[in-house]
Amino acid sequence: MISKIYISHCEQDEPLAQELARALWVVELESFSSLYRKARILSLGERIRFGIRQSDCFIPILTQKGAGSPEVNQEIGLAVGIEQLVIPLVEAGVELPVLIHHLQPIVFSPETYEDALGKLIQNLRELTRLDWLKIKCPYCAEEMTQYISPQEEVERALLAGKHLETRCNYCQKNIHLDPRTFRPLL
């Protein structure tokens, strides 16, 4: 079962990593990254080793800068060395590093990053059980937990170009959710 994910990225790709971490949080998956400002008492190397070892899955974000980052490539080496499940998010036109060149990446462009996150979540749903969503109501700002929509319903919404619907447990207003990332839409 996948519950913790290590996000590997270079410093320039921090906004992409934060967006990925938010998407994972919504489906109740915990994320780690050596660049997060947690556990500063540990050295960077210790944070990397701890995060990768404690994770069930390793997701490198490989943009032009990320693919050339020595730190990202070292993290990939460690994840492959301990036989971690690796699911690469790769910017269009970027070659996969040699240790993971045989893998099927999820390809994105700056305009299609949310689509790639949706594909990632869909793949994670096929590999593990995701039952719950954490939703922060855009109207009253309360945080609630609800059952995740069945994948068939998500796929129908995507094909129809529509959103998913739910209702806030607190203010009782209808909330529209992006079917790719389950993020509330205004």
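Details of the structure are given in the entry above.
Every chain is numbered independently, its residues counted from 1 as its sequence is written. In keeping with the model being predicted, local features are shown solely for residues with a pLDDT of at least 70 and side-chain atom pairs are shown and tallied solely at 80 or more, while totals for entire chains, interfaces and linings include all residues. Side-chain measures here rest on the full set of heavy atoms in the structure, leaving out hydrogens and waters.

Participant: Describe in detail the sheet that holds strand β5 (residues 106-108), supporting the description with residues and values.
Facilitator: Pairing in this open sheet of five strands is parallel, and the strands run β2-β1-β3-β4-β5 from one edge to the other. A single partner strand is all that each edge strand has here, and the edge strands are β2 (30-32) and β5. For this sheet, the mean inter-axis angle between neighbouring strands, taken without regard to orientation, is 25°. In terms of strand pairing, strand β1 (residues 4-8) meets β2 through three bridges, oriented parallel. Paired with Y6 across the bridge in β2 is F32. Contacting β1, β2, β3 (57-62), β4 (89-91) and β5, helix α1 (residues 14-26) runs over the sheet at an angle of about 170° to β1. Against the sheet, helix α4 (residues 70-81) makes contact with β1 and β3, and its axis sits at roughly 155° relative to β3, the strand it touches most. For two strands to be treated as a pair, DSSP must find no fewer than two bridges joining them. Labels follow the DSSP assignment, with helices taken as runs of H or I lasting at least four residues and strands as runs of E lasting at least two, numbered in each case from the N terminus. Working convention: axes come from line fits to C-alpha atoms, limited for helices to the stretch in contact. Angles between N-to-C directions cover 0 to 180 degrees. Note on contacts: a residue pair qualifies if any of its non-hydrogen atoms lie within 4.5 Å across the two residues.

Participant: Can you break down the nonpolar core residue by residue, with the values?
Facilitator: Within this scheme, the nonpolar core is defined by two criteria: the residues are buried Ala, Val, Leu, Ile, Met, Phe, Trp, Tyr or Cys, and they are joined through side-chain atoms within 4.5 Å. Buried means the residue's accessible area, taken with a 1.4 Å probe over protein chains only, is under 20% of the maximum for its type, while exposed means over 50%, and partly exposed covers the values in between. Judged by nonpolar contacts, the single largest core of 37 residues is most densely connected at L20, L89, L124 and F182. Where this core is concerned, the elements lending two or more residues are β1, α1, β3, β5, α5 (113-127), β6 (132-136), α6 (151-160) and β9 (174-177). With 16 residues, the next largest nonpolar core counts F32, I76, V90 and V94 among its residues.

Participant: Pulling in residues and values, what's your account of the sheet that holds strand β8 (residues 164-167)?
Facilitator: The strand order across the open sheet formed by three strands is β8-β9-β10, and the pairing between neighbours is antiparallel. The open sheet has two free edges, formed respectively by β8 and β10 (184-185), since each of these has just one partner strand. In terms of strand pairing, β8 meets β9 through four bridges, oriented antiparallel. Looking at the pairing, T166 lines up with I175 of β9.

Participant: An account of the environment of W132 is needed here, citing residue identities and associated values.
Facilitator: One can find W132 in strand β6. For W132, the residues in contact, after removing those within four places along its chain, are V26, V27, E28, T145, Q146, Y147 and I148.

Participant: Account for the packing of aromatic side chains, naming residues and giving values.
Facilitator: Each Phe, Tyr or Trp ring, with Trp reduced to its six-membered ring, pairs with another whose centre is within 6.5 Å; inter-plane angles below 30 degrees give stacked pairs, above 60 give edge-to-face pairs, and intermediate values give tilted ones. Here the structure, examined in full by the defined rule, presents four aromatic pairs. Centroid distance Y6 to F58: 5.7 Å. Interplanar angle 5°. Geometry classified as stacked. Of the two residues, Y6 is situated in strand β1 and F58 in strand β3; the sequence distance between them amounts to 52 residues. Y6 gets classed as buried once you look at its relative accessible area, which sits at 0%. Aromatic pair F32 and F50: ring centres 6.2 Å apart, planes at 85°, arrangement edge-to-face. Here F32 is found in strand β2, whereas its partner F50 is found in helix α2 (residues 44-54), with 18 residues between them in sequence. Overall, F32 belongs to the buried group, its relative accessible area being 17%.

Participant: So what's going on with α4? Residues and values would help.
Facilitator: The span one expects for a helix is its residue count, reduced by one, times 1.5 Å. The first and last C-alpha atoms of α4 sit 16 Å apart over 12 residues, in line with the 16 Å expected at 1.5 Å per residue. Of the residues one or two after α4, E83 is the one with positive phi, at around 60°.

Participant: Help me get a handle on the packing of α1 against α5, residues and values and all.
Facilitator: At a closest axis distance of 11 Å, the pairing of α1 and α5 adopts a crossing angle of 40°. Considering the angle they form, α1 stands oblique to α5. For the pair α1 and α5, the sense of crossing is right-handed. Taken together, the residues of α5 that come into contact with α1 (itself represented by L16, A17, E19, L20, A23 and L24) are Y113, E114, L117, L120, I121 and L124. When residues are sorted by character, Ala, Val, Leu, Ile, Met, Phe, Trp, Tyr, Cys and Pro go into the nonpolar class, Asp, Glu, Lys and Arg into the charged class, and all the rest, Gly among them, into the polar class. Of the residues assigned to the contact of α1 with α5, the class counts are 10 nonpolar, no polar and two charged. By definition in this entry, angles of less than 35 degrees are roughly parallel, angles greater than 145 are roughly antiparallel, angles of 65 to 115 are roughly perpendicular, and the rest are oblique. By convention, the crossing between two helices is left-handed when the near helix turns anticlockwise from the far helix through less than a right angle, and right-handed when the turn is clockwise.

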